[in-house]
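Residues per chain, in single letters:
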Amino acid sequence: PFAKWFPDGKLNVAYNCVDRHVEAGNGDRVAIHWVGEPVDDERTITYAQLKDEVSKAANALTELGLVAGDRVAIYMPMVPEAIVAMLACARLGAMHSVVFAGYSASALKARVEDAEAKLVITTDGQFRRGKAASLKEAVDEAVKESDSVEHVLVVRRTGIDVEWTEGRDLWWHDVVDAASTEHTPEAFDAEHPLFLLYTSGTTGKPKGILHTTGGYLTQSSYTHFNVFDVKPETDVYWCTADIGWVTGHTYI
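Residues numbered from 1 in each chain as written. Predicted model: local features only at pLDDT ≥ 70, side-chain atom pairs only at ≥ 80, totals over all residues. Heavy atoms only, no water.

(A) Molecular detail of the pairing of strand 9 (residues 151-155). Among the five residues of strand 9, five are classified as buried, and the element is accordingly described as predominantly covered. Every second residue of strand 9 is oriented toward a common face, with His151, Leu153 and Val155 on one face and Val152 and Val154 on the other, all of them buried. Relative to strand 9, strand 6 (residues 119-123) runs parallel, the two sharing five bridges. Its bridge partner lying in strand 9, Ile121 is registered against Leu153. (Buried < 20%, exposed > 50% of the residue type's maximum accessible area, 1.4 Å probe, protein only. Helix = DSSP H or I, 4+ residues; strand = E, 2+ residues; numbered from the N terminus. Pairing = 2+ DSSP bridges.)

This is the structure:
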């Protein structure tokens, strides 16, 4: 029952999503226009800037000991760093598992343990109706008994105070911002595991669905072209789904 796409073919997802557009002369085009909360919180990121950010993150993750095949849990609100984190993992051949930031500590724990994640990437907190709510607290609770998690990488989003575990916890701005923007992506097999996404767990233990590289990119490209009819010269595509669900994950 398993389809295989382009067996023996090699590619890199981050290169396909970012680098090739820069190399084609489109580095100044907008890759992500992000509008957050509070109201005046917005960022516009070009493909060239995104390539630099993803390369820095990939170098930082390598410094933390991440290698192809390792698993990374991403427990973040809708911020650009979440996209950078996913692409950096893909660049290194590490599997990422995005966990919806509205999930509880126990839901995060179940997914971290099942994937045997080596790293958790999160934020200090998130904004909900104008107020800052902690997110790192749930991570601390989820990983306190973990045998696999070596580091927790934290993006400063709200500026609220957070508990800190020396040696394990690291600020994104300390680790990523200082890294080099030079990074050469490695080509991986088309059937190399790209990411894990867990079912909601409504009817039992959450099940991890494994997506591979070549087939996933093919389907994503196909739907952008044939279903959404996105024209790169004229259209802005807005996806309202959270990155914790496959729709938001894929189309953002």
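Let us keep going from here.
(B) Region of interest: the side chain of Asp169. Here Asp169 lies in strand 10 (residues 169-171). Since its relative accessible area comes to 3%, Asp169 is described here as buried. Within the structure, Asp169 has its side chain in polar contact with the side chain of Lys136 (distance 2.8 Å). Reaching out from Asp169, the side chain makes a polar contact with the backbone nitrogen of Thr165 at a distance of 2.9 Å. Residues contacting Asp169, with those up to four places away along its chain left out, are Lys136, Asp140, Val152, Glu163 and Trp164. (Polar contact = N/O pair within 3.5 Å; in protein donor to acceptor, adjacent residues only side chain to side chain. Contact = heavy atoms within 4.5 Å.)

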